[in-house]
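Structure assessment
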Amino acid sequence: MTYIRVRLGTLGVAAVLAGLATPPALAAPAEEPTAAGPTVEEQRLDRAAPQEILRRSGFDAVAPELARTLGKVRSYAEAERVVVRQGSRLWQRAVDRAQGRGPAGGDLSRDDDRPLYWARLGMTREVRQWEPEFGLTDAQRTKLLTSIERTSRGQDTIRYSHRKGVKRILVTGFDPFTLDRDVRISNPSGATALALDGTVINTSDGPARIETALFPVRWQDFTDGTVERTLRPYLPRVDLFTTVSQGRVGRFDIERTNGAWRGGFPDNENLSRTETIPVNDPASQPQWTSTTLPYKDIVAASTGRFPVYDNTEVTEVPAGGSDPVVRPQGPTPGSTARAGGGGNYLSNEIAYRATLLRDRLGLCGSLPGGHVHTPVLQFGTGNTDPATGTVTDPQFVQNRLDIIAQVREIVRVAAEASR
């Protein structure tokens, strides 16, 4: 995601609400069936650009199909099966489209990640507002929504070959974000995840299979453990992993250090969080984690049109100090994090969480893993005004294809260097 380094205090501190436990002597009231209104993300669906993206990809039929199917179900168990099946189908359809299988569904380029994003939101909006005759509790509705999120992001379909000699690589990407600035935005990390999922790359050591998953741009999902829940079963079994997000204009960065700090930039729900990244066992939580990707090899290789940098800069509060200081060569002993190399937004957070999980699983010395920031995906000259611009153009498509190809090559170099 776009590189964001928010100085301490500029966005204020987000309140953290503590839940109240039910007193032991009192029984909790029965949960009443309720339906909520659309979320901030879902409300953007009705704008012209998302509707055009859905129409020009053929994904405009996804949400209506789910609504029709839900209208026929007669039990909660049946509804569960429906949302799992259709969420999984949406993910596979997006992957197939990106990799040239099946119908394109329209004239929007196949490499586009946005149809998946907007179609998913259409599905969640349908479930959020669905009121079946048999009734639906808040907990049941939440479970259905969670199933759509996981299945339509590929989080539950990570599968590796059992063949000997095939390396296993895990790559993650993100949804589009900053959509109130420009609702047309695409995220090259999400497009990369669709393009690489289930593919095999050839290295000098033999083949390597890549599996991918996507994550939302929402602080609360990360607080709730979506990263750890998705990655924990696989990190002990893979040979390399990298989280990927959109970063700076015109360059790739291999982020050397990740910081334990949320800087407060609003997420896709327009919510802010300014705090230490909340994790399990905070008493043992480090301020910094480090990449174990072979960054020297990656930076030295010719991987594509964009330059690739080993980014060592962080922002810290030095030990004994009170004000943030930018450190070009990384953190100093005893310092408190205020931004990792990738800033202090969710791109830094996924890198921090994934590498902390690696370390807590005892894999720091054996598993190469870290974060790659891609260039910002830019529209073509003359198509930069969100109010008057088109949802796509030839330069926009070429930029995305070039970024995808370069991430693939970076992953190949990393796999070869990690022997």
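Residues numbered from 1 in each chain as written. Predicted model: local features only at pLDDT ≥ 70, side-chain atom pairs only at ≥ 80, totals over all residues. Heavy atoms only, no water.

1. Observations regarding the overall build of the protein chain
Per the secondary structure count, the protein chain includes 12 helices and 14 strands. Here the protein chain has a C-alpha radius of gyration of 21 Å; the compact-globule value for 419 residues is 22 Å, and the two agree. Sequence separation of 24 or more characterises 78% of the internal contacts of the protein chain that already satisfy a separation of 6 or more. A total accessible area of about 17,600 Å² is found for the protein chain, and carbon and sulfur atoms account for 53% of it. (Helix = DSSP H or I, 4+ residues; strand = E, 2+ residues; numbered from the N terminus. Rg over C-alpha atoms; globule rule 2.2 N^0.38 Å. Contact = heavy atoms within 4.5 Å. Areas by Shrake-Rupley, 256 points an atom, 1.4 Å probe, with all protein chains shown as cover.)

2. Quick word on the pairing of strand β11 (residues 314-317)
Going residue by residue along β11, you find Val314 and Glu316 tucked away on one face and Thr315 and Val317 tucked away on the opposite face as well. Relative to strand β12 (residues 325-327), β11 runs antiparallel, the two being bridged by 3 bridges. When the bridges of β12 are listed, valine 314 appears paired with arginine 327. Two strands pair when backbone bridges link them, and β11 and strand β13 (residues 336-339) are joined in this way by 3 bridges, in the antiparallel orientation. (Buried < 20%, exposed > 50% of the residue type's maximum accessible area, 1.4 Å probe, protein only. Pairing = 2+ DSSP bridges.)

3. Describing the sheet that holds strand β2 (residues 200-203)
An order of β2-β3-β1-β4-β14-β5-β10 is seen for the 7 strands of this open sheet, with the pairing classed as mixed. The sheet terminates laterally at β2 and β10 (308-311), the two strands that pair on one side only. For this sheet, the mean inter-axis angle between neighbouring strands, taken without regard to orientation, is 25 degrees. Each of β1 (167-174), β2, β3 (206-215), β4 (240-246), β5 (252-255), β10 and β14 (369-374) is contacted by helix α12 (residues 394-417), which is oriented at about 50 degrees to β2, the strand it contacts most. (Axes fitted to C-alpha atoms, helices over the stretch in contact; angles between N-to-C directions.)

4. Digging into the nonpolar core
Of all hydrophobic cores here, the largest spans 38 residues; its most connected members are Leu66, Leu70, Trp118, Val127 and Leu144. Those elements that place two or more of their residues in this core are α2 (48-55), α3 (62-70), α4 (76-98), α5 (114-129), α6 (138-151) and α7 (188-196). Broken down by element, this core gets its largest block of residues, 9 residues, from α4. (Core = buried A, V, L, I, M, F, W, Y, C linked by side-chain atoms within 4.5 Å.)

5. Section: the environment of phenylalanine 265
For phenylalanine 265, the position within the fold is in the loop between β7 (261-263) and β8 (274-276). Since its relative accessible area comes to 26%, phenylalanine 265 is described here as partly exposed.

6. Notes on α4
The end-to-end C-alpha distance of α4, which contains 23 residues, comes to 33 Å, matching closely the 33 Å that a straight helix rising 1.5 Å per residue would cover. Along α4, the residues classified as buried are Tyr76, Ala79, Val82, Val83, Gln86, Gly87, Leu90, Trp91, Ala94, Val95, Arg97 and Ala98. Next to the buried residues of α4 lie α3, α5, α6, α7 and β3. (Expected span 1.5 Å × (residues − 1).)

7. Here we look at the side chain of arginine 184
Relative to the elements of secondary structure, arginine 184 occurs in the loop between β1 and α7. There is a polar contact of 2.9 Å between the side chain of arginine 184 and the side chain of aspartate 182. One polar contact links arginine 184 to asparagine 383, side chain to side chain, over a distance of 3.0 Å. Sequence-distant contacts of arginine 184, defined by excluding residues within four places in its chain, comprise Ala49, Arg114, Phe379, Asn383, Thr384, Asp385, Pro386, Gly389, Thr390 and Val391. (Polar contact = N/O pair within 3.5 Å; in protein donor to acceptor, adjacent residues only side chain to side chain.)

8. A short note on the pattern of salt bridges
Two side chains that carry opposite charge are able to pair once their charged atoms sit near each other. Taken as a whole and assessed by the stated rule, the structure comprises 34 salt bridges. With a shortest N-O distance of 3.5 Å, arginine 400 and aspartate 112 are connected by a salt bridge. Of this pair, arginine 400 sits in helix α12 while aspartate 112 sits in the loop between α4 and α5; the two residues are 288 residues apart in sequence, bridging distant segments of the chain. The same class applies to arginine 400 as to aspartate 112, namely buried. Put simply, Glu41, Arg120, Glu149, Arg153, Asp175, Arg218 and Asp221 are held in one network by salt bridges that share partners. (Salt bridge = Lys/Arg side-chain N within 4 Å of Asp/Glu carboxyl O.)

9. Quick notes on the packing of α3 against α4
Relative orientation of the contacting elements α3 and α4 amounts to 165 degrees, with a least axis distance of 10 Å. With respect to α4, the axis of α3 lies roughly antiparallel. Relative to α4, α3 is oriented so that their crossing is right-handed. Contact residues: α3 offers Val62, Glu65, Leu66, Thr69 and Leu70, while α4 offers Ala79, Val82, Val83, Arg85, Gln86, Arg89, Leu90 and Arg93. Along the lines of polarity and charge, the residues of the contact of α3 with α4 split into 7 nonpolar, 2 polar and 4 charged. (Parallel < 35°, antiparallel > 145°, perpendicular 65-115°, else oblique. Left-handed = near helix turned anticlockwise from the far one by under 90°. Nonpolar A, V, L, I, M, F, W, Y, C, P; charged D, E, K, R; others polar.)

10. Observations regarding the pairing of β3
Counting buried positions over the 10 residues of β3 gives 8, a clear majority of the element. Pairing analysis gives 8 bridges linking β1 to β3, with the strands arranged parallel. Within β3, the position partnered with arginine 168 by the bridge is arginine 209. Bridge analysis of β2 against β3 gives 4 bridges, and the strand direction is antiparallel.

Any link to function would need more than the numbers given here.
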